[in-house]
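What follows is each chain in one-letter form.
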2 protein chains.
Amino acid sequence: MSLVSILELRHLRTLAALHETGSVSRAAKRVHLTQSALSHQIKALQNHYGLSIIQRRGQAVELTDAGRHLVALAGKVLEQIQSTERDLAKISQQATGSLRIALECHTCFDWLMPLMDAYRQHWPEVELDLVSGFHSDPVKLLEEGGADVVIGSEHKQQRGIIDHPLFRFEILAVLAPEHPLRAKRILHAADFSNETLITYPVPDDRIDLILNVLKPAGIHPERRTAELTVAILQLVASRRGVAALPSWGLKNYVDHDYVIARRIGSQGLWSDLYASTLTETASRPYLRDFLTTARNTCFATLDGIIPLE
Amino acid sequence: MSLVSILELRHLRTLAALHETGSVSRAAKRVHLTQSALSHQIKALQNHYGLSIIQRRGQAVELTDAGRHLVALAGKVLEQIQSTERDLAKISQQATGSLRIALECHTCFDWLMPLMDAYRQHWPEVELDLVSGFHSDPVKLLEEGGADVVIGSEHKQQRGIIDHPLFRFEILAVLAPEHPLRAKRILHAADFSNETLITYPVPDDRIDLILNVLKPAGIHPERRTAELTVAILQLVASRRGVAALPSWGLKNYVDHDYVIARRIGSQGLWSDLYASTLTETASRPYLRDFLTTARNTCFATLDGIIPLE
DNA sequence: AGGATTAATGAATAAAATTCATATTTAAAT
DNA sequence: ATTTAAATATGAATTTTATTCATTAATCCT
């Protein structure tokens, strides 16, 4: 127990991530460090305060009372810092510009809408827009100035473009509650052979289930499309077919027995979400703030998502 | 301008000190680092945000608008951290004990009283008391448990005792406005030879003016004592003699032309204030909090004090 | 002008945080 | 039960970073 406080923001960022993710190793990814680094950090804090901050609960980890105090502190403090950094951006006149968002992932509407509302408050000078419609070549869209950010599932290593990792999520098969496949805990490619697949109106190669599961297995089910997530769910519930959707948007519908959700493949079908920008856009404060806020709200509100990188 | 925030509490502590002390080198002492370290820190921040935080104003420095934003942030954040650390001390059941304060420096009442009121709120479980009266051997007082902290002007290197530096302050000669010596900007030992010196009722060797200025010069003026600072000032104003008091307590009286204050010797007469405790007491959270709070409030409220160490 | 005080800077050093490699613990699977 | 997998903990090695040291530049005061 040293005479001066060793606490640094690094620790608070770690604690916040720990709270968000519920595990040391996931938190480590969240703050771009190794699990070991976080373990050392936590140990240092515990020694310093003579208290345990986390407690192993089996292979997961749980915050103690002291840990929750620090997490609460982290929440407040990091929020205030973000706010001040926005002020600084305004002072340095880097608070204006355009942020036109193109969505490759239709379900992202769910979390993007409230985020945009909050963001508008913080950056009144930034021209915030959604670029609607499907775009075959998102990189081109960025380069030609049609959009400033593309939120999409695939990560392309291309010069001039930076892909900012957002998070990893699981895609679950969605079935009507009475569907014959309800008995299976896990669905495999073959299970889809006689089904109608209900998807958003995008090409085959933009649908993870088809690209990574069905096509490799040589299975080509019928397809039917709908624009909105609710519409897809409605079709599934009325037994017109099955769908594959991110786990996070399903909870409410599953809880109300409107549909049921099943894992796809023994490891599950996962997808990684990135926000891509031009390199020059990446350094703008308002873009960086958009990214951190996006990650923060997603990790706070979306169940079952996992940090990337 | 990196992609992630490099801001750490270290920076905020530095900024707060900079605000308190108004100079990089004084701030450096305040946070126990070198002037160079702080210069580097500030430069790193400025590069990171692409803004200047301080501006050289001659040989002093001034905070910019951005700097003030960060200082405001620092104030809030450091306060919240202190508060959480108090909570942690309560959780670890280290929030009880006694804090009996003995004062060697009579004027310290001025800042100690409001501090104690605030402190009592934060540490309701700590038995807070003032040990009154003059004590010839403060170390003995600590060892025998008569007090837990001694606030005094002298620094003794003694095992088992830790002297926590508080601050350095200037002692000014106080005269009646019409006093013949009013014409001199600086007073020297000889100027006191025909004066009556008005002091607190303590031995000669506890009065810095006598110990460090008059005695070495072989000058032994008459003495008269009073218990309270106001009483001393009243006697000075009514021309019963002159006094030597810390600069910080004089401002109000000087501003109202009740008395005038003059520097003693060309370099001024300075005194260092320490809070001494037993080594074991030093590690207790409630004592550490007392010290930081004391320093914080003193640097925030007392004019002309300088960090020590 | 000269001495003293303060801040800035670059290189050297010291300190620390992080990673690496591995052990340990717990849960799940067979 | 035994094995496998997944997670955290730990000590030593390493890298990164902060700080100091030594010096220069700028400013103030007499």
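Note that the structure is a prediction, hence the values are computed from the model and not measured. Numbers given for residues are sequential positions, taken from 1 along each chain in its written order. All chains are assigned letters beginning with A, and all ligands numbers beginning with 1, in the order in which they are written. The model is predicted, so local features are restricted to residues of pLDDT at least 70 and side-chain atom pairs to those at 80 or more, both for listing and for counting; the totals for chains, interfaces and linings are taken over all residues. Based on all heavy atoms of the structure, the side-chain values leave hydrogens and waters out of the count.

### Considerations on the overall build of chain A
Numbering goes from the N terminus for both helices and strands, where a helix is a DSSP run of H or I of at least four residues and a strand is a run of E of at least two. For chain A, the count of helices and strands is 11 helices and 12 strands. For this measure, only C-alpha atoms enter the radius of gyration; the expected value for a globule follows 2.2 Å times N^0.38, where N is the number of residues. Taken over the C-alpha trace, chain A has a radius of gyration of 22 Å; the compact-globule value for 309 residues is 19 Å, and the two agree within 12%. When the backbone C-alpha atoms are referred to their principal axes, chain A occupies close to 70 × 50 × 35 Å. A simple rule labels every residue: compare its accessible area, found with a 1.4 Å probe on the protein chains alone, to the largest value its type can have, and call it buried under 20%, exposed over 50%, or partly exposed in between. Counting all 309 residues of chain A, 52% fall into the buried class. We call two residues in contact whenever any of their non-hydrogen atoms come within 4.5 Å of each other. Excluding contacts between residues fewer than 6 apart, the proportion of contacts in chain A whose partners are at least 24 apart in sequence is 75%. Averaging the coordinates of the 33 positive side-chain charges in chain A and doing the same for the 35 negative ones gives two points 6 Å apart. Charged-residue counts in this description rest on Lys and Arg as positive and Asp and Glu as negative, His and the chain ends being excluded. A charge is said to be at NZ when it belongs to Lys, at CZ for Arg, at CG for Asp and at CD for Glu.

### Examining the pattern of salt bridges
Note on definitions: salt bridges are taken to be side-chain nitrogens of Lys or Arg within 4 Å of carboxyl oxygens of Asp or Glu. Taken as a whole and assessed by the stated rule, the structure comprises 24 salt bridges over all chains. Where A:D272 meets A:R168, a salt bridge forms, and the shortest distance between an N and an O atom there is 2.6 Å. Linking A:D272 in strand β12 (residues 269-278) with A:R168 in strand β6 (residues 161-175), this pair joins segments that are 104 residues apart in sequence. On the accessibility criterion, A:R168 (34% relative accessible area) is partly exposed. A salt bridge links B:R206 to B:E104, with the shortest nitrogen-to-oxygen separation between them at 2.1 Å.

### Observations regarding the packing of helix α1 (residues 9-21) of chain B against helix α4 (residues 65-91) of chain B
How two helices sit against one another is set out by the angle between their axes and by the gap between those axes. All names here are of chain B. Where α1 meets α4, the closest approach of the two axes is 9 Å, and the angle between their N-to-C directions is 115 degrees. Our classification of the angle between α1 and α4 gives roughly perpendicular. As α1 packs across α4, the resulting crossing turns out to be left-handed. Two secondary-structure elements touch here, α1 through L9, L12, R13, L15, A16 and H19 and α4 through L70, V71, L73, A74, V77, L78 and I81. Lines fitted to C-alpha atoms define the axes here, with helix axes fitted over just the stretch in contact, and angles between the N-to-C directions of these axes take values from 0 to 180 degrees. For classification purposes, angles smaller than 35 degrees are called roughly parallel, those larger than 145 roughly antiparallel, those between 65 and 115 roughly perpendicular, and all remaining angles oblique. Left-handed describes a crossing in which the near helix is turned anticlockwise from the far one by less than a right angle; the clockwise case is right-handed.

### Overview of unusual backbone geometry
A positive phi angle is found at A:R239, which is not glycine, with a value near 60 degrees. Along the chain, A:R239 turns up in the loop between α8 (229-237) and β10 (242-246). Unusually for a residue other than glycine, B:D257 sits at a positive phi of about 60 degrees. Within the secondary structure, B:D257 is located in the loop between α9 (251-255) and β11 (260-264). For B:D257, a relative accessible area of 57% gives the class exposed.

### Focus: the pairing of strand β9 (residues 222-225) of chain B
Remember that side chains alternate between the two faces of the sheet whenever the strand is regular. Residue and element names in this part refer to chain B. Relative to β9, strand β8 (residues 196-199) runs parallel, the two being bridged by 4 bridges. The residue bridging L197 from the neighbouring strand is R223, located in β9. Crossover connection from β8 via helix α7 (residues 208-214) to parallel β9: handedness right-handed. A pair of strands is treated as paired once DSSP finds two or more bridges between them. We call a crossover right-handed when, viewed with the strands running away from us, the connection from the first strand over the helix to the second turns clockwise.

### A word on the UniProt feature "domain: HTH lysR-type" (unreviewed entry) in chain A
UniProt positions are given in the numbering used here, feature names are shortened, and annotations may be inferred rather than shown by experiment. Summarizing the sequence annotation, UniProt attributes the feature "domain: HTH lysR-type" (unreviewed entry) to residues 7-64 of chain A in the numbering used throughout. Helix makes up 60% of residues 7-64 of chain A and strand 14%, with an end-to-end C-alpha separation of 18 Å.

### Some points on the relation of the copies chain A and chain B
Overlaid copies result from least-squares superposition on C-alpha atoms, with residues included only where pLDDT is at least 70 in both. The transform that puts chain A on chain B rotates by 180 degrees and translates by 0.0 Å along the axis, for an RMSD of 0.0 Å. Put plainly, the chains are arranged around a two-fold axis. When the interface residues of chain A are mapped onto chain B, 100% of them again lie at the interface, so the same face is used by both copies.

### Some remarks on a nonpolar patch on the surface
Residue and element names in this part refer to chain A. Each patch groups residues whose relative accessible area exceeds 30% and which form no salt bridge, using 9 Å between like charges and 5 Å between nonpolar side chains of Val, Leu, Ile, Met, Phe, Trp and Tyr. Here, Shrake-Rupley sampling with a 1.4 Å probe gives the accessible areas, and only protein chains in the shown set may cover a residue. Residues F109, M113 and L130 make up a contiguous nonpolar surface patch of roughly 250 Å² in combined accessible area. One can find M113 in helix α5 (residues 109-122). For M113, a relative accessible area of 48% corresponds to the partly exposed category.

### Side note on the state of the cysteines
Only a pair of cysteine sulfur atoms within 2.5 Å counts as a disulfide in this structure description. By the definition in use, this model includes 0 disulfides over all chains. The thiol of A:C298 is unpaired, and the distance to the nearest cysteine sulfur, on A:C108, comes to 7.7 Å.

### Regarding the side chain of A:T107
Within the secondary structure, A:T107 sits in the loop between β3 (97-103) and α5. A relative accessible area of 4% places A:T107 in the buried class.

### With respect to the protein's contact with DNA strand D
Note on terminology: near, applied to a residue and a molecule or strand, indicates that one of the residue's heavy atoms is within 4 Å of it. Among the 19 residues in the neighbourhood of DNA strand D, the closest are listed as A:V24, A:S25, A:Q35, B:T34 and B:S36. Of everything in DNA strand D that lies within 4 Å of the protein, sugar and phosphate atoms constitute 64%. Take B:T34: an N or O atom from its side chain is 2.7 Å from a phosphate oxygen of DNA strand D. Contributing elements (two or more residues each) for the surface near DNA strand D: α2 (24-30) and α3 (35-49) of chain A together with α3 (35-49) of chain B. In terms of residue count, the dominant contributor to the surface near DNA strand D is α3(A) (5 residues). Each residue is assigned to one of three groups, with Ala, Val, Leu, Ile, Met, Phe, Trp, Tyr, Cys and Pro labelled nonpolar, Asp, Glu, Lys and Arg labelled charged, and all others, Gly among them, labelled polar. Of the residues contributing to the surface near DNA strand D, the split by class is 3 nonpolar, 13 polar and 3 charged. Polar contact is defined as a pair of N or O atoms within 3.5 Å, subject to the rule that within protein one atom must be able to donate a hydrogen and the other to accept it, and that residues adjacent in sequence are counted only when both atoms are side-chain atoms.

### Brief notes about α4(B)
Given 3.6 residues to a turn, an α-helix orients residues that are three or four positions apart in the same direction. Every helix has an expected span of 1.5 Å times one less than the residues it contains. For α4(B), built from 27 residues, the straight-helix expectation of 39 Å at 1.5 Å per residue is met to within 8% by its first-to-last C-alpha distance of 39 Å. Looking one or two places after α4(B), you find B:Q93, whose phi comes out positive at around 55 degrees.

### Observations regarding the interface of chain A and chain B
Taken residue by residue, the interface counts 32 residues in chain A and 32 residues in chain B. Between the two partners, chain A and chain B, sit 2 salt bridges. A salt bridge links A:R13 to B:E8, with the nearest nitrogen and oxygen atoms 3.5 Å apart. For the pair chain A and chain B, the interface holds 10 residue pairs in polar contact (both at pLDDT 80 or more). Elements with a minimum of two residues in the side of chain A that touches chain B: α1 (9-21), α3 and α4 (65-91) of chain A. By residue number, the principal contributor to the side of chain A that touches chain B is α4(A), which donates 14 residues. Among the residues making up the side of chain A that touches chain B, the classes are represented as 14 nonpolar, 10 polar and 8 charged.

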